[in-house]
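# Results of the structural survey
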Amino acid sequence: MQYYSLNHNAPKVSFSEAVIKGIAPDRGLYFPEHITRLPQSFFEQIEDLDNVEIAYQAIQQFVGDEIPEPELRAILADVLNFEFPVIEIEDNIGALELFHGPTMAFKDVGARFMARCLGYFNKDNDDHVTVLVATSGDTGGAVANGFLGVKGVDVVILYPTGKVSNIQEKQLTTLGQNITALEVDGVFDDCQDMVKTAFLDKDITKNKQLTSANSINVARWLPQLFYFLFAYKQVKNKGKDIIFSVPSGNFGNICAGIVAHQLGMPIKQFVASTNVNDTVVRYLETSKYDPKPSKATISNAMDVGDPSNFIRIQKLFNNNFEVLKNTFSAYSFNDQKTREAMQKVYKKANYVTDPHGAVGYLGLMKHGINENEYGIFLETAHPVKFLDVVEDTLDTTVEIPPQIKKVIGKEKKSVPIKSYKEVKEFLLQ
């Protein structure tokens, strides 16, 4: 499998090169040269397959022969060692829980898969790779945990000060070893711009091999298609058309879902559910892509004003606006609506959603579900990650899981940053 830049001004690369480089020299995102549909029998018999087999058949074409089958299966077995249940919330609506991993967020799968791929590619040499990543919340913790102690890999995480939850901050600032957190005086988009700028800075790249663990990296992005296949396996026997509502910030998760659809998985509609950062919602209304500075919300992992992965979504629909609109919808909701949805689900189903899951639920409600359809919204993080918001909104107490207890009392260590110049100086130290 070869990957090309969506800016079309860089050489094609292999899977390993795309993983190690992260972003193309022309600043474009890497995209697979082709996507081959899986045989119909795969979907007909999916209930008989375990998660590792499903994941292997789905991802193998994208990895090619660069990781041999036994090693790739071993990586997947290690990455997918927790559950991905669809929990029935009400008639024809379920929550796909993606928070049963080590950092209790959906990004555990992509971060761990990428870390193990890099570890495999690096196993026989002494070269060092610096993973440079921006986070609006959960990416930082998942990447820090996934890459902790990986041979030949240093991790530098940029996050916006005061704009991630306390628990999210603890997960990315307390591990030490090969993990460093840079606390940026700004918003997520500032962090993401600094990361992209560093990749094009020859003063840095001639001295360091940089890669990114944001969803711009193909090894972080593509494994997210597994969630949709696992959900399909669980609800297929209902015999209904499936609608996925995906809380969306940088749009990597929903983009991976569309890849699952292109592999042949039956999906009637994708709903991108956003907070007030509504760039894509406005695009679908006007056909004009007009990014604006991000605004802080209680669903902070979606506080993205210029979502990187939307260009991949456009490519998956062959840059055809009308075709995109046929199976892709987007809706925006403010914090008040988010809190009301959290309260409604808790009252009706005694189910605690985090703010992002609540936005996903709102997207299903806005789109509408009929008796022949089954709607699934993604619960992308455990409610404990947003403890203050959840307990204040629902007037309840959330039990602290063991994964969180082990970091909550640790000391935060971060480096304050105000400008790209400081990031550059840090990387060149």
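Everything here concerns the structure above.
Keep in mind that what you see is a predicted model, and the values were worked out from it rather than measured. (Residues numbered from 1 in each chain as written. Predicted model: local features only at pLDDT ≥ 70, side-chain atom pairs only at ≥ 80, totals over all residues. Heavy atoms only, no water.)

### Considerations on the overall build of the chain
A tally of helices and strands in the chain yields 20 helices and 14 strands. In terms of overall size, the chain behaves like a compact globule, its C-alpha atoms giving a radius of gyration of 20 Å where 429 residues would be expected to give roughly 22 Å. Counting the 429 residues in the chain, one finds 60% classified as buried. Here the analysis covers contacts within the chain between residues at least 6 apart in sequence; of these, 76% occur between residues at least 24 apart. Total accessible area computed for the chain in this model is approximately 16,600 Å², and 46% of it derives from carbon and sulfur atoms. For the chain, the distance from the average position of its 44 positive side-chain charges to the average position of its 53 negative side-chain charges is 3 Å. (Helix = DSSP H or I, 4+ residues; strand = E, 2+ residues; numbered from the N terminus. Rg over C-alpha atoms; globule rule 2.2 N^0.38 Å. Buried < 20%, exposed > 50% of the residue type's maximum accessible area, 1.4 Å probe, protein only. Contact = heavy atoms within 4.5 Å. Areas by Shrake-Rupley, 256 points an atom, 1.4 Å probe, with all protein chains shown as cover. Lys, Arg positive; Asp, Glu negative; His and termini not counted. Charge placed at Lys NZ, Arg CZ, Asp CG, Glu CD.)

### Here's the deal with empty space enclosed by the protein
In the structure shown here, the tally under the stated rule is three cavities of 30 Å³ or more. What the largest cavity holds in volume is close to 250 Å³. Lining the largest cavity are 23 residues, and of these Phe-106, Lys-107, Gly-249, Asn-250 and Ala-301 lie nearest its centre. For the lining of the largest cavity, the elements supplying multiple residues, two or more each, are helix H6 (138-147), strand E10 (241-247) and helix H12 (252-262). Per element, the largest residue contribution to the lining of the largest cavity is three residues, and it comes from H12. (1 Å grid on protein atoms, 1.4 Å probe; cavity = no way out; pocket = protein on both sides within 12 Å on 5 of 7 lines; lining within 4 Å. Points joined across faces, edges and corners; volume = space filled by probe spheres on them.)

### A word on helix H17 (residues 355-367)
Helix length check: H17, at 13 residues, gives a terminal C-alpha distance of 19 Å against a target of 18 Å (1.5 Å per residue), a fit within 8%. Listing the buried residues of H17 in full gives Pro-355, His-356, Gly-357, Ala-358, Val-359, Gly-360, Tyr-361, Leu-362, Gly-363 and Leu-364. Backbone geometry just downstream of H17 places Gly-368 in the positive-phi region, at approximately 90°. (Expected span 1.5 Å × (residues − 1).)

### Notes on the pattern of salt bridges
Using the criterion set out here, one finds 16 salt bridges in the structure. One salt bridge connects Lys-238 with Glu-88, and the closest N-O pair in it is separated by 3.6 Å. Within this pair, whereas Lys-238 is found in the loop between helix H11 (225-235) and E10, its partner Glu-88 is found in strand E4 (residues 86-90), the two being separated by 150 residues in sequence. Residue classification places Lys-238 among the partly exposed residues on the basis of a relative accessible area of 35%. Classification of Glu-88 by relative accessible area gives partly exposed; the value is 44%. Each member of the salt-bridge network shares a partner with another, and the members are Glu-53, Glu-69 and Arg-73. (Salt bridge = Lys/Arg side-chain N within 4 Å of Asp/Glu carboxyl O.)

### A closer look at the nonpolar core
Core analysis: the biggest nonpolar cluster contains 125 residues, and Phe-113, Phe-244 and Phe-328 have the highest contact counts within it. Those residues in contact with Phe-113, other than ones at most four positions away along the chain, are Phe-15, Ile-59, Val-63, Leu-72, Ile-75, Leu-76, Val-79, Ala-219 and Pro-223. By size, the runner-up hydrophobic cluster in this structure holds 32 residues, among which are Ile-167, Val-389, Leu-394 and Val-398. (Core = buried A, V, L, I, M, F, W, Y, C linked by side-chain atoms within 4.5 Å.)

### Focus on the environment of Leu-222
Mapped onto the secondary structure, Leu-222 falls in the loop between helix H10 (218-221) and H11. Exposure remark for Leu-222: the relative accessible area of 1% places this residue in the buried category. In this structure, Leu-222 is in contact with Tyr-3, Ile-59, Phe-62, Ala-256 and Val-259, ignoring residues within four places of it in sequence.

### Considering the packing of aromatic side chains
Tallying each qualifying case throughout the model produces 21 aromatic pairs. Judged by centre distance (6.4 Å) and plane angle (65°), the rings of Phe-228 and Phe-270 are edge-to-face. With Phe-228 in helix H11 and Phe-270 in strand E11 (residues 269-274), this pair connects stretches of sequence that are 42 residues apart. Pair check on accessibility: Phe-228 and Phe-270 agree, each one buried. An angle of 90° between the planes, with centres 5.3 Å apart, marks the rings of Tyr-283 and Phe-321 as edge-to-face. Placement of the pair is Tyr-283 in helix H13 (residues 279-286) and Phe-321 in helix H15 (residues 321-327), with a sequence separation of 38 residues. The same class applies to Tyr-283 and to Phe-321, which are both buried. Here a set of aromatic residues connected by ring pairs shows up, and it is made of Phe-82, Phe-84, Phe-106, Phe-226, Tyr-227 and Phe-230. Residue placement shows Arg-73 over the ring face of Tyr-56; its charged tip is 4.1 Å from the ring centre. The aromatic ring of Trp-221 is capped on one face by Arg-312, whose charged end is 4.2 Å from the ring centroid. (Phe/Tyr/Trp six-rings, centres within 6.5 Å; stacked < 30°, edge-to-face > 60°. Lys NZ or Arg CZ within 6 Å of the ring centre and 35° of its normal.)

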